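# A look at the structure
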Amino acid sequence: MSCTDKKARLAERQTQWQGMVDKALSRFPERKEVFTTTSGIEMKRLFGPADVDAVDYLEDVGFPGEFPFTRGVQPTMYRGRFWTMRQYAGFGSARQTNERYRYLLGQGQTGLSVAFDLPTQIGYDSDMELADGEVGKVGVAIDSLADMEILFDQIALDQVSTSMTINAPAAVLLAMYIAVAEKQGVSSDKLRGTIQNDVLKEYFARGTYIFPPQPSMKIITDIFSYCKDNLPNWNTISISGYHIREAGSSAVQEVAFTLADGLAYVGAAIKSGLDVDDFAKRLSFFFNVHNNFLEEVAKFRAARRLWARLMKERFGAKKAASMMMRFHTQTAGCSLTAQQPDNNVVRVTMQALAAVLGGTNSLHTNSRDEALCLPTEDSVRIALRTQQIIAHESGVADTIDPLAGSYMVESMTSEIEAKALAYIKKIDDLGGVVKAIEAGFMQQEIGDSAYAYQKSVETGDQVIVGVNKFTVQEAPPTNLLRIKQEMEIEQRKSLAAVKAGRDAAAVSNSLKTLRQVAESGDNLMPAIVAAVKTYATLGEVCGVLREVFGEYIES
Amino acid sequence: MEKKIKVLIAKPGLDGHDRGAKVVSRALRDAGMEVIYTGIRQTPEQIVATAIQEDVDSIGLSCLSGAHNKLFPKVVNLLREKGAGDVLVFGGGIIPDEDIQGLKDAGIAEIFLPGASTETTIAFIKEHVK
């Protein structure tokens, strides 16, 4: 049978089947008139060969480890090595967090991920007034190199990879990490890990900005340049859609705004004189994984393909590694419910499975109690076990990208790519990400999606099990992790001791040098490394930079 | 025409999670109230100054960072000091059950937890703003 005959026959059979559907519909209407994903993409009743007519296998799908990387970035994917199981953790003091890290490593976790408290993330010391009530709450408090030494006590930094969720003061925390390693006798070229260092999304989705966009971009490209020469195995940025999604975006908006940020960083680095193929291989990404299983799997595949194409077409990247999107994934914090919290274990399992089927390179699974507080040790263990069960028992990691070729998944992958690209072009038309932020474009788009979602939950159109359906009377949860108020007092005492015990002249000289470098426009990293080694505090270093660069004020 | 209820939605402290604050702002607006949203990273002093300047009937505080026990009562105390103790203050966020009574004793009229509907918040404000 010729190709045309086959198509004609298919169309004929499709019409016949439609007749059957219409008959069924006249007796039993479907649950909804139209089914859509979070991005407003229609979930058709049935996807078939006609939906993937435009998909060319070699052009659009290809092989794992090859452009455009739709099927994954490595040729053997999880058959060689599973994704990195990396649980984000940090609370209270450096000592408490160090204990949690050693517990997690003992339970088979394969990488560390540091959560810092808000004062640290915004460049304030624990003894500053603005830090009042926030010390050690959402992460660990780090004021100086002394805290960082305790945080990694008995953890060999040449044996572990460490991800740090730190943005505006990323250069300072990286400098402290380098200094701790040096004390352990580990040279910086042996260090493996990631700093988030993605300030753009802070302005419109996460909120821990310090400096205005221009100096922020300068600090970021300084880090790219310094790491290229000194930390060749370090991921210099983790361009993050996670928080964009948490702020309420759809899956398409998550991909679009993240990649738009990525394009801005690449553009800035090239403008600062770097060659795209010298730094692009150290760029990494970070996504959310939410409940709509098939849309999420397609989202990851679409994001990889779109990034590869943009890097090649817009920046003329030549090396495969420059076009490869490697990413970490975290299950959706905003999908967790405070009601019937054990149900969250099931949500996290589905989300984690979608991330694995989408080819994530590393994964954090949330704990069941995180809509209530920071997770307890028991909850964290179940979350880690969830990943281990998927890896070792489900069998999904034994073949690469098993959902490829599904009419539905391939069609959705193409649709997400096209819709995300349309958003990126809109941002181009607005003059790029910084201009779009100033115009409030992303904020408005995300706000609209968040509000539409809330309304759909309140009308019951979107069912949340245990919240707006299948509810029960519950006793208040017990056994929650609390950070005691005394912790803040203790942290201030130990900071005072550090300040009293250091060489005051060395500190003030190093800060003076830092100011000169900041004013001159030279690379900031060497001066920051020198300053933290004198035990100059995070607040002092950021204070100098605040004076030179000014502070961003949300409009 | 009846006077519109005026509400200040505020984010005290360093927390940047403002999805809830923005959604609530919009829902209150849709319910016919006049709403001012402060934006993130406000000190209690700034919040109270805005509330007095704008002469609001109610303040909604949102905090997901765990600093609520410090920040929420500070706002109420400052309002009282400035002679604006009649402003209805409510709060929301990741707030453990065991903290709720303490916050109410400090003068926060109600705490809305994750999963609370905006309808509940709207009804509460309408009922309690005099």
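## A word on the overall build of chain A
Looking only at helices and strands, chain A features 22 helices and 9 strands. For chain A, whose C-alpha radius of gyration is 24 Å, the value lies close to the compact-globule estimate of 24 Å for 555 residues. When its C-alpha atoms are laid out on the principal axes, chain A stretches across 85 × 60 × 45 Å. Here chain A, with 555 residues, has 57% of them falling under the buried criterion. Of the contacts formed within chain A by residues at least 6 apart in sequence, a portion of 78% connects residues at least 24 apart. If you sum the accessible surface of chain A, you get close to 22,700 Å²; carbon and sulfur atoms cover 53% of it. Taking the average location of the 59 positive side-chain charges in chain A and that of its 68 negative ones, the two points are 4 Å from each other.

## Observations concerning the nonpolar core
Grouped burial of nonpolar side chains is what soluble globular proteins tend to show. Among the nonpolar cores identified, the biggest contains 82 residues, and A:Trp83, A:Phe224, A:Phe257, A:Leu259, A:Trp307 and A:Met442 are the most heavily contacted of them. Judged by nonpolar contacts, the second largest core, of 70 residues, contains A:Val140, A:Met164, A:Ile219 and A:Leu524.

## Some words on the packing of aromatic side chains
What characterises a pair of aromatic rings is the spacing of the ring centres plus the angle enclosed by the ring planes. Following the criterion strictly, the structure yields 23 aromatic pairs over all chains and no others. Each ring, one from A:Phe67 and one from A:Phe69, has its centre 6.5 Å from the other, and the planes form 80°; the classification is edge-to-face. Arranged with centres 5.8 Å apart and planes meeting at 20°, the rings of A:Tyr203 and A:Tyr209 form a pair that is stacked. Across the pair, A:Tyr209 and A:Tyr203 agree in class, each one buried. One aromatic cluster is present, formed by A:Phe285, A:Phe287, A:Phe300, A:Trp307 and A:Phe327 through successive ring pairs. Taking NZ or CZ as reference, A:Lys44 lies 5.6 Å from the ring centre of A:Phe47, over its face. Above the face of the A:Tyr209 ring, B:Arg41 is positioned so that its terminal group lies 4.4 Å from the ring centre.

## A look at the interface of chain B and chain A
Taken together, the 31 residues of chain B in the interface contact 41 residues of chain A. Buried surface at the junction of chain B and chain A, both sides included, amounts to about 2,800 Å², of which 49% is carbon and sulfur. Three residues, B:Leu14, B:Arg19 and B:Arg41, lead the burial of chain B against chain A; their summed loss comes to 27% of the area buried on that side. Across the chain B-chain A interface, the total number found is 6 salt bridges. Across the pair A:Asp448 and B:Arg26 runs a salt bridge whose closest N-O atoms are separated by 2.9 Å. Across the chain B-chain A interface, the total number found is 14 residue pairs in polar contact (both at pLDDT 80 or more). Those elements that place two or more of their residues in the side of chain B that touches chain A are helix H1 (19-30), helix H3 (68-81), helix H4 (97-105) and helix H5 (118-128) of chain B. No other element matches H1(B), which puts 5 residues into the side of chain B that touches chain A.

## Remarks on the pairing of strand E4 (residues 88-93) of chain B
Residue and element names in this part refer to chain B. For E4, the buried fraction is high: 6 of the 6 residues fall into the buried class. Covered by surrounding structure in E4 are Leu 88, Phe 90 and Gly 92 together with Val 89, Gly 91 and Gly 93, the residues of both alternating faces. By the bridge criterion, 6 bridges tie strand E3 (residues 58-63) to E4 in an arrangement that is parallel. Pairing of Ser 58 across the sheet is with Leu 88, part of E4. Regarding topology, H3 serves as the crossover connection from E3 to the parallel E4, and that connection is right-handed. Inspection of the sheet shows E4 paired to strand E5 (residues 110-112) by 3 bridges, in the parallel sense. Residue pairing in the sheet places Phe 90 in a bridge with Glu 110 of E5. Once you follow E4 into H4 and on to E5, the crossover reads as right-handed.

## Details of the pairing of strand E8 (residues 327-331) of chain A
Residues and elements named next belong to chain A. When you tally the buried positions in E8, you get 5 out of 5 residues, the bulk of the element. Pairing geometry for E8 and strand E9 (residues 362-364), over 3 bridges, is parallel. If you follow Thr 329 over to E9, its bridge partner there is Leu 363. Between the parallel pair E8 and E9, the chain is carried across by helix H14 (residues 343-357), and the sense of this crossover is right-handed.

## Digging into the pattern of salt bridges
Between side chains of opposite charge, pairing is possible as soon as their charged atoms come close. This structure, assessed with the given rule, holds 44 salt bridges over all chains. One salt bridge in this structure joins A:Arg492 and A:Asp132, with 3.8 Å as the shortest N-O distance. Of this pair, A:Arg492 sits in helix H19 (residues 485-501) while A:Asp132 sits in the loop between helix H4 (118-121) and helix H5 (145-151), placing them 360 residues apart in sequence. Between B:Lys3 and B:Asp57 there is a salt bridge, with its nearest N and O atoms 3.8 Å apart. Here B:Lys3, found in the segment before strand E1 (6-10), pairs with B:Asp57, found in the loop between helix H2 (44-54) and E3; they are 54 residues apart in sequence, far enough to count as distant.

## Section: helix H12 (residues 293-315) of chain A
All names here are of chain A. The terminal C-alpha atoms of H12 lie 33 Å apart, and with 23 residues this matches the ideal 33 Å at 1.5 Å per residue to within 8%. Summarising burial for H12: 17 of the 23 residues are buried, a large majority. Positive phi shows up at Gly 316, right after H12, with a value of about 60°.

## Quick word on the side chain of A:Thr162
Along the polypeptide, A:Thr162 turns up in strand E3 (residues 161-164). What makes A:Thr162 buried here is its relative accessible area of 0%.

## Describing the sheet that holds strand E7 (residues 283-289) of chain A
All names here are of chain A. Spatially, the 9 strands line up as an open sheet ordered E5-E4-E3-E2-E1-E9-E8-E7-E6, and their pairing is parallel. Taken across any chain shown, the strands that pair with only one partner, and hence form the sheet edges, are strand E5 (234-235) and strand E6 (237-240). Sheet strands in contact with helix H6 (residues 170-184) are E3, strand E4 (192-195) and E5, and its direction is about 155° off that of E3. Together, E7, E8 and E9 form the strand contacts of H14, whose direction differs from that of E8 by roughly 165°.

## Thoughts on unusual backbone geometry
Residue and element names in this part refer to chain A. Look at the link from Phe 67 to Pro 68: it is a cis peptide, with omega at 0°. Mapping Pro 68 onto the fold places it in the loop between helix H2 (57-61) and strand E1 (84-89). Although it is not a glycine, Gln 340 sits at a positive phi angle of roughly 40°. The buried category is assigned to Gln 340, whose relative accessible area is 18%. Positive phi, close to 45°, is recorded for Asp 401, a residue that is not glycine. Judged by its relative accessible area of 7%, Asp 401 falls in the buried class.

The rules behind the values
- Residues numbered from 1 in each chain as written.
- Chains lettered and ligands numbered in written order.
- Predicted model: local features only at pLDDT ≥ 70, side-chain atom pairs only at ≥ 80, totals over all residues.
- Heavy atoms only, no water.
- Helix = DSSP H or I, 4+ residues; strand = E, 2+ residues; numbered from the N terminus.
- Rg over C-alpha atoms; globule rule 2.2 N^0.38 Å.
- Buried < 20%, exposed > 50% of the residue type's maximum accessible area, 1.4 Å probe, protein only.
- Contact = heavy atoms within 4.5 Å.
- Areas by Shrake-Rupley, 256 points an atom, 1.4 Å probe, with all protein chains shown as cover.
- Lys, Arg positive; Asp, Glu negative; His and termini not counted.
- Charge placed at Lys NZ, Arg CZ, Asp CG, Glu CD.
- Core = buried A, V, L, I, M, F, W, Y, C linked by side-chain atoms within 4.5 Å.
- Phe/Tyr/Trp six-rings, centres within 6.5 Å; stacked < 30°, edge-to-face > 60°.
- Lys NZ or Arg CZ within 6 Å of the ring centre and 35° of its normal.
- Buried area = accessible area lost by both parts, 1.4 Å probe.
- Salt bridge = Lys/Arg side-chain N within 4 Å of Asp/Glu carboxyl O.
- Polar contact = N/O pair within 3.5 Å; in protein donor to acceptor, adjacent residues only side chain to side chain.
- Pairing = 2+ DSSP bridges.
- Right-handed = clockwise from strand over helix to strand, strands pointing away.
- Expected span 1.5 Å × (residues − 1).
- Axes fitted to C-alpha atoms, helices over the stretch in contact; angles between N-to-C directions.

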